[in-house]
Amino acid sequence: MSLEQSVEALRYLGLFSSLDASSVMSTAVHALHPEDRVAAARTLMREKSISGVPIVDADSRLVGIISVSKIIEALADGRLADSVDSVMTRDVVFLHAHDTFETILSCFQRFKFGRFPVVEEDGKLVGMITDTDVLSAIIRSFYSVYVHDQRRTMTLGSFSALSKEFESSADFAYDISSTGLENAGEGSARLKAFLQSKGFGDSIVRRASVCAYEAEINVCIHAGGKGSLRAIARNGEIIVRVEDEGPGIENIDLSMKEGWSTATDAIRELGFGAGMGLPNIRLFSDHLVIISGKDKSTKVEMIFLADKE
Amino acid sequence: MKLSEVLEITSATCIVGEQLASIEVNHAFASDLMSDVLAMSRPDTLLITGLTTPQIIRTAHMLDLPAILVARGKDVPQDVVDLARTTGIVLLSTHDIVYVASGKLYVRGLSG
Ligand SMILES: Nc1ncnc2c1ncn2[C@@H]1O[C@H](COP(=O)(O)OP(=O)(O)OP(=O)(O)O)[C@@H](O)[C@H]1O
Ligand SMILES: [Mg+2]
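Reading the values: rules and limits
- Residues numbered from 1 in each chain as written.
- Chains lettered and ligands numbered in written order.
- Predicted model: local features only at pLDDT ≥ 70, side-chain atom pairs only at ≥ 80, totals over all residues.
- Heavy atoms only, no water.
- Helix = DSSP H or I, 4+ residues; strand = E, 2+ residues; numbered from the N terminus.
- Buried < 20%, exposed > 50% of the residue type's maximum accessible area, 1.4 Å probe, protein only.
- Contact = heavy atoms within 4.5 Å.
- Pairing = 2+ DSSP bridges.
- Axes fitted to C-alpha atoms, helices over the stretch in contact; angles between N-to-C directions.
- Core = buried A, V, L, I, M, F, W, Y, C linked by side-chain atoms within 4.5 Å.
- Near = heavy atom within 4 Å.
- Polar contact = N/O pair within 3.5 Å; in protein donor to acceptor, adjacent residues only side chain to side chain.
- Areas by Shrake-Rupley, 256 points an atom, 1.4 Å probe, with all protein chains shown as cover.
- Nonpolar A, V, L, I, M, F, W, Y, C, P; charged D, E, K, R; others polar.
- pLDDT = per-residue confidence, 0-100.
- Buried area = accessible area lost by both parts, 1.4 Å probe.
- Salt bridge = Lys/Arg side-chain N within 4 Å of Asp/Glu carboxyl O.

A. Focus on the overall build of chain B. Of the regular secondary structure elements, chain B holds five helices and five strands. Starting at the N terminus and ending at the C terminus, chain B contains elements arranged as α-β-β-α-β-α-β-α-β-α. Across the 112 residues of chain B, 52% fall into the buried class. Of the contacts made within chain B by residues no fewer than 6 positions apart, 49% connect residues no fewer than 24 positions apart.

Right under this line is the structure:
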């Protein structure tokens, strides 16, 4: 899968909805003033390994940018002692701090520059975004929660975020079948015993059991109590997958927020519906994949690594 | 704090696990929302709750909590008692409400 494809895929998945320029940019910015010498820009670029230097006025407002190619020109013309002001580009393409990830991406696509300054409403420079910053933002999104839905096959082709191991067999399997909450948690209790019998340590077993329990309870209170709980536990790694048959989660981003819940008062009286289940799972798992969508099944896969203890 | 002290301080009765009353807990956590409890990861904690559903036992079991103090003197259903017994969790019951039981234990040195 190429970078362009994965960006395309992630865009469809709405995974970038929470990313704006201020969360993508680097804030350790090296800027110069118009009256500084071109030589200073050259030194800065060399020392900081950067390919462009933003130029700001006395109030930190962005007034220009100077790139490597300008420096090379200035060098050829013997103008290193001139002021930055005389060689800088004045019509800078910049981003606003609240610009969406979409805007950032289209900026990179439309203008073939390697970096864009980010400014506040008042024009003050607050950061820079390079293609590396964009890439790390993408990678961070992948790592935190990787979510996707039916559009996945369209956009990601054969790429699968889920472990392939479950296709052949699982080390542990339990059918969730509960009307109401009476059996809710039975599967996780069995999983816990199974993991202990495999010799995993207390702490990883606790993490895996708590997360399996949260996911199992979710099947019981949000998905009609029908589903499965499976696990693969080998080589210091525990993979737990909990699946149900719907109705699915319409907005996964929202469901991951602490305190967000669609549970009824009746459920709350039974001790659930704090909107903390999925946040807990994210907290205690080392890797988390949630695949769902409106009127779709929900698959929650969590990985726990013994060496992360 | 020994569970026998918890018993005495809150005038509780032991529903399951008399023989285990010498177990120690170093913290307590009071809540009626299980996911709040599950967010905490400290095994040597006493769970204080006003609920009497099977999920209080499940929750304690997942977290390796040794004991639960049920507040307000509520009747604990037999299936919950049985579950506590099979999972090896001590179940105590006090007539105090959650707030009062927590306060009593806190002033006697059981921290949050
Ligand atoms: N398996 C599922 N099927 C459908 N919707 C789900 C599923 N799991 C979670 N959700 C949705 O995501 C929301 C958040 O889930 P989460 O587990 O974080 O909180 P909760 O279950 O509402 O409360 P808590 O887990 O604190 O008891 C739920 O309220 C529900 O709308
Ligand atoms: Mg939940």
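B. Fine view of the side chain of A:Ser209. Looking at where A:Ser209 falls in the secondary structure, it is placed in helix α10 (residues 202–222). Those residues in contact with A:Ser209 that lie beyond four places of it in its chain are A:Ser188, A:Lys192 and B:Met62.

C. Inspection of the sheet that holds strand β2 (residues 27–30) of chain B at higher detail. Residue and element names in this part refer to chain B. Taking strand neighbours across the sheet as the criterion, the five strands line up as β1-β5-β4-β3-β2 in an open arrangement whose pairing is mixed. Each end of this open sheet is capped by a strand with a single partner; those strands are β1 (13–16) and β2. Across the sheet, the mean angle from the axis of one strand to that of its neighbour is 25°, orientation sign disregarded. Along the sheet, helix α3 (residues 54–62) contacts β3 (45–49), β4 (67–70) and β5 (90–93); its crossing angle with β4, the most-contacted strand, is approximately 150°. Sitting on the sheet, helix α5 (residues 98–107) is in contact with β2, β3 and β4, with an inclination near 155° to β3.

D. Molecular detail of the nonpolar core. Residues and elements named next belong to chain A. In this structure, Val 240 and Met 302 are the most contacted members of the largest nonpolar core, which totals 63 residues. Here Val 240 is in contact with Phe 166, Leu 191, Ala 212, Leu 229, Arg 230, Ala 231, Val 300, Glu 301, Met 302 and Phe 304, once residues within four sequence places are set aside. Core analysis: the next-biggest nonpolar cluster, separate from the first, contains 17 residues, Leu 95, Ile 104, Leu 105 and Ile 138 among them.

E. Representation of the site of ligand 1. Taken together, the neighbourhood of ligand 1 is formed by 22 residues, with A:His222, A:Ser261, A:Thr262, A:Gly273 and A:Met276 sitting nearest. Those residues lying near ligand 1 are distributed over chains A and B. Between ligand 1 and the protein, one listed contact pairs an oxygen atom with a side-chain N or O atom of A:Asn218 at 2.9 Å. One of the backbone N or O atoms of A:Gly273 is found 2.6 Å from an oxygen atom in ligand 1. For ligand 1, whose unbound accessible area comes to 590 Å², protein coverage reaches 96%. If you list the elements that add at least two residues to the shell around ligand 1, you get α10 and α13 (277–284) of chain A. Classifying every residue of the shell around ligand 1 gives nine nonpolar, 11 polar and two charged.

F. Examining the confidence of the model for chain A more closely. All names here are of chain A. Of all residues in chain A, 86% have pLDDT values of 70 or greater, and the mean over the chain is 86. Across chain A, the element-wise mean pLDDT spans from 38 in helix α7 (residues 151–156) up to 97 in helix α9 (residues 186–197). In the predicted structure, residues 143–159 sits below a pLDDT of 50 and forms 41 contacts with residues beyond four places in sequence or in another chain.

G. Spotlight on the sheet that holds strand β5 (residues 125–130) of chain A. Read across the open sheet, the three strands follow the order β3-β4-β5 (chain A); overall the sheet is mixed. Where the open sheet ends on each side, the last strands, each with one partner, are β3 (95–96) and β5 of chain A.

H. Expanded view of the pairing of strand β1 (residues 52–56) of chain A. Residue and element names in this part refer to chain A. With respect to burial, β1 is a largely interior element, five of its five residues being buried. Both faces of β1 are covered, namely the face carrying Gly 52, Pro 54 and Val 56 and the face carrying Val 53 and Ile 55. With five bridges connecting them, β1 and strand β2 (residues 62–67) associate as antiparallel partners. Its bridge partner lying in β2, Val 53 is registered against Ile 66.

I. Just the interface of chain A and chain B, in detail. Taken together, the contact pairs 26 residues of chain A with 19 residues of chain B. Summed over both partners, the interface of chain A with chain B buries about 1800 Å², with 59% contributed by carbon and sulfur atoms. Looking only at chain A, the three residues that lose the most surface to chain B are A:Lys192, A:Arg206 and A:Tyr213, adding up to 29% of its buried area. Applying the counting rule to chain A against chain B returns three salt bridges. Two residues, B:Arg58 and A:Glu186, come together in a salt bridge whose shortest N-O distance is 3.2 Å. The tally of links between chain A and chain B comes to 12 residue pairs in polar contact (both at pLDDT 80 or more). Those elements that place two or more of their residues in the side of chain A that touches chain B are α9, α10, α12 (265–269) and α13 of chain A. The greatest single-element share of the side of chain A that touches chain B, amounting to seven residues, is contributed by α10(A). Among the residues making up the side of chain A that touches chain B, the classes are represented as 12 nonpolar, six polar and eight charged.

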